[in-house]
Amino acid sequence: MAPRSENGPLAFWYDPAIRGRIYQTLFVLALGIVLFEAIVDVRANMQARGIPTDFDFLDDVAGFDINLTLIPYSATSTYGRAFFVGLLNTGLAAALGLILATVVGFAIGIARLSKNWIVAKFAMVYVEALRNVPLLLQLLFWYNAVLKPLPAPRQSYVLPFGMYLNNRGLFAPELVFGPGAQWIGAAVIVAALVAVLARLTGIGARLGRFWPTLLIGLPVAAYFLAGQPVSFIVPELKGFNFSGGVRLLPEFVALVLGLGLYTAAFIAEIVRAGVEAVPRGQSEAAAALGLSRRQTNRFVVVPQAMRIITPLLTSQYLNLIKNSSLAVFIGYPDLVQVFAGTVLNQTGAAVQVIFITMAVYLAISLFASLAMNLYNRRFALVER
Amino acid sequence: MPGEPLSATPARAAAFVRQDPAPACPPPPSGQGVFAAIGDNLFGGWRSSMMTIAALALLGLALPPLLRFLIFDAVWSAPDGELCRAPGAGACWAFIARKLPYFAYGSYPIGQRWRVDLTLAFGAALIVWLLWLDAPGRRLAAFLFFFAYPILSFLLLHGAPSFGLPTIDSDLWGGIFVSLLVATVGIVASLPLGILLALGRRSSLPVLSLACAGFIECVRGVPMITVLFMANTMLPLFVPESLAPDRLIRPLIGVALFASAYMAEVVRGGLQAIPKGQFEGAQALGLRALPTLRFIILPQALRHVIPGIVNTFIGLFKDTTLVAIVGIFDFLRTVDSARLDPVWAGPTISATGYVFAALFYFVFCFSMSRYSLFVERRLSRGRDR
């Protein structure tokens, strides 16, 4: 109903609801016209330049090689296959970077909280130095100033666990699974199932420290029962290079190190903020109840801190995944380097390629925020 | 007395009752003094002692080579890379000194570099004016910085033949001044755009709010590199060929859009912290929508999120390095290309260049974060009491 004044009904454009509808219609119209014009222009421009305007190019032969492929790929594979190679390479670097960032980040964060002055200062210097310098600079530093000037394979640095570091990359022993190794896998799965069941049913709490032993013990037992089917192939120097074992490209090592250590600085700050956000009264009350320091941390401080840490941690994880696209600067064949770089340059299909690349990252982000919302619903503080 | 039930014991006087007060305990051996504090802090318990020793050992192992490389063995002046290539030579600061003009201005014509200096000087003066919380006329400073300065700097840097300033093609621009330019454009554009987007997202009009939220989430969900790629390869396709934007303008548009999405989320946080009563109070006073925003809501909301805004600026400043992907010679790119100069190339050149660049970025980002801490503390003074 339109609002009325003493002089009779007001004109309809004074009604906020109708006004809102008019504004929105105008907005949609303007947006539609701009988008339509843009699409018409883009199509015309692309056709004028002989650029494909559909997704058929994905089935064409790529004709270039990629120096790290987790799935079979050769120069005769299609662009579509090159996309998956890049995607998997992004996933590999991001996954290892996430592990490194989490381990280092939590260690530094806890060190920052240390009562030991010198340890806390060390952690502070780490955090301030790494998070105030651009990630790209750190990646270039690791790649061009640390890994590239390393000696040739003959003068490799010898690292523990049979690893070698030289200018061709990091050479590590390779795990080889012989016949019977499937029993170890089965044991791991069984142990994991038992652990999950124990947690869900609450038996784990009663069995106390028994089930972690089971978790490790079962696979180890399976390993010996199956006749030790796992062995290592240690890299060996043959001629001018190493053979055997796993070779991690210098680009890969630089990317994982750079991403992991940079993100660790942010994670450390999150961990510190999360722990400091737990009111002092909580640990004092726990002490008053007679809990030991270890128990206080485990049952009072950490659960409350994790509630604050987890959402922030997720956003750092997403940042790391997005930042893995900086791989393109040091030549690691990730999604952006392979697809938005080489494929785009060869086909010229800029709109489609960039659309697909963005869609991949967007899908990861949206999935993560969905998971985060579920987590929050499950673990958020329930207040009366 | 085995077997004798306790309850059977007759109540009797306690065996011992102290008559005098107990003597005072001696103070703990390490209670006072500097050494005691150090001892407690660094060697309180075996774990702490181990960590202290490990940290000191690390310091002892890492610091001497680092100092030798950076200072004692460094080459401070040399005509070319000969001295720096000598075995055992440290950082090659002579290389930095020789290349400094290139790092600062890129390939900007030498005779015209005063124009860059002038632009930077104006910018620095305006920024100091803006950041100094007690300075008079900060509103004027904001107006100058956000409206007059961009036009002035465009005329100065790009050139205005009618004022006697020859046009300098943006292909020649490079170095620190381009990094600062990208960052400034990002900052100047992202704040108003971000505020608009945040207001749009909180609007009661569903279409508008959906469009703003969609834009913000899409931009925040993708890496900046893909936004730059998009700006570089797709912007020219969106317009007729004759209107294709300049090579430097394209990434600037990308940076502005990217930064404004992040800024929008920060501003939205500030808007959410404003109690509803503020809006209602303004309405009761008869203020219309725009004056309500301008005089009541935004001043409070933005003040709440100054630290967040500064953090976004820090992130933006670090992200300016990524414009190198579309062929812009920002500071890091000039360092990265100068280290390949055959006159200087040597084993220490890369490390020297990167350390110098890292120092540059560190000084900027660290001082920005300190400033945000300072503002935060100052603004919370009212709440502390």
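Residues numbered from 1 in each chain as written. Chains lettered and ligands numbered in written order. Predicted model: local features only at pLDDT ≥ 70, side-chain atom pairs only at ≥ 80, totals over all residues. Heavy atoms only, no water.

Colleague: Can you lay out the overall build of chain A for me, pointing to particular residues and giving the numbers?
Modeller: Secondary structure assignment for chain A yields 13 helices and 10 strands. Relative to the compact-globule value of 21 Å for 384 residues, chain A shows a C-alpha radius of gyration of 28 Å, a clear excess of over 25%. In terms of overall dimensions, chain A has C-alpha extents of about 90 × 70 × 45 Å along its principal axes. The buried share of chain A, taken over its 384 residues, is 39%. By sequence separation, contacts in chain A at least 24 residues apart represent 64% of the contacts at least 6 residues apart. When the accessible surface of chain A is totalled, it reaches about 21,600 Å², and 67% of it is carbon and sulfur. Computing the positive centroid from 28 side-chain charges and the negative centroid from 18, chain A places the two 15 Å apart. (Helix = DSSP H or I, 4+ residues; strand = E, 2+ residues; numbered from the N terminus. Rg over C-alpha atoms; globule rule 2.2 N^0.38 Å. Buried < 20%, exposed > 50% of the residue type's maximum accessible area, 1.4 Å probe, protein only. Contact = heavy atoms within 4.5 Å. Areas by Shrake-Rupley, 256 points an atom, 1.4 Å probe, with all protein chains shown as cover. Lys, Arg positive; Asp, Glu negative; His and termini not counted. Charge placed at Lys NZ, Arg CZ, Asp CG, Glu CD.)

Colleague: Please provide a residue-by-residue account of the packing of helix α8 (residues 250-276) of chain A against helix α10 (residues 293-323) of chain A, values included.
Modeller: Residue and element names in this part refer to chain A. Put simply, α8 and α10 touch, their axes get as near as 9 Å, and they point 155° apart. By the angle class used here, α8 and α10 are roughly antiparallel. Helix-helix and strand crossings are classified by hand; for α8 and α10 the assignment is right-handed. In contact with Leu-259, Tyr-262, Thr-263, Phe-266, Ile-267, Ile-270, Val-271, Gly-274 and Val-275 of α8, α10 contributes Val-301, Ala-305, Ile-308, Ile-309, Leu-312, Leu-313, Gln-316, Tyr-317, Leu-320 and Asn-323. Considered class by class, the residues forming the contact of α8 with α10 number 15 nonpolar, four polar and no charged. (Axes fitted to C-alpha atoms, helices over the stretch in contact; angles between N-to-C directions. Parallel < 35°, antiparallel > 145°, perpendicular 65-115°, else oblique. Left-handed = near helix turned anticlockwise from the far one by under 90°. Nonpolar A, V, L, I, M, F, W, Y, C, P; charged D, E, K, R; others polar.)

Colleague: Provide a residue-level description of the state of the cysteines, including the pertinent values.
Modeller: All names here are of chain B. Under the criterion given, the structure shown has one disulfide over all chains. The partner cysteine of Cys-84 in its disulfide is Cys-92, sulfur to sulfur 1.9 Å. Where Cys-84 bonds to Cys-92 through sulfur, the torsion about that S-S bond is close to 60°, and the disulfide is right-handed. By relative accessible area, Cys-84 is classed as buried at 2%. When its relative accessible area of 0% is taken as the criterion, Cys-92 is described as buried. (Disulfide = S-S within 2.5 Å.)

Colleague: Describe the sheet that holds strand β3 (residues 157-159) of chain A, and please don't skip the residues or the numbers.
Modeller: All names here are of chain A. As summarised here, the arrangement of the four strands in space is β3-β4-β5-β10, forming an open sheet in which the pairing is antiparallel. Of all the strands in the sheet, the pair left with one neighbour each is β3 and β10 (246-248). Across the sheet, the mean angle separating the axes of adjacent strands is 20° when strand polarity is ignored. Here three bridges tie β3 to strand β4 (residues 163-166), and the two strands are oriented antiparallel to one another. Paired with Leu-159 across the bridge in β4 is Met-163. Contacts between α8 and the sheet are confined to β5 (169-172) and β10, with β10 contributing the most and set at about 65° to the helix. (Pairing = 2+ DSSP bridges.)

Colleague: Explain a nonpolar patch on the surface to me, using residue names and the numbers behind them.
Modeller: Residue and element names in this part refer to chain B. Taken together, Leu-56, Leu-59, Leu-63, Leu-66, Leu-67, Ile-71, Phe-72 and Trp-76 make up a surface patch of nonpolar side chains, about 760 Å² in accessible area. Tracing the chain through its elements places Leu-63 in helix α2 (residues 46-72). Since its relative accessible area comes to 38%, Leu-63 is described here as partly exposed. (Patch = residues over 30% accessible without salt bridge, like charges linked within 9 Å, V, L, I, M, F, W, Y side chains within 5 Å. Salt bridge = Lys/Arg side-chain N within 4 Å of Asp/Glu carboxyl O.)

Colleague: Outline the domain arrangement of chain B, supporting the account with residue identities and numerical values.
Modeller: Taken as a whole, chain B is organised into domain 1 (33-72) and domain 2 (105-384). Placing a centre on the C-alpha atoms of domain 1 of chain B and another on those of domain 2 of chain B gives a separation of 41 Å. (Domains from an automatic or database assignment.)

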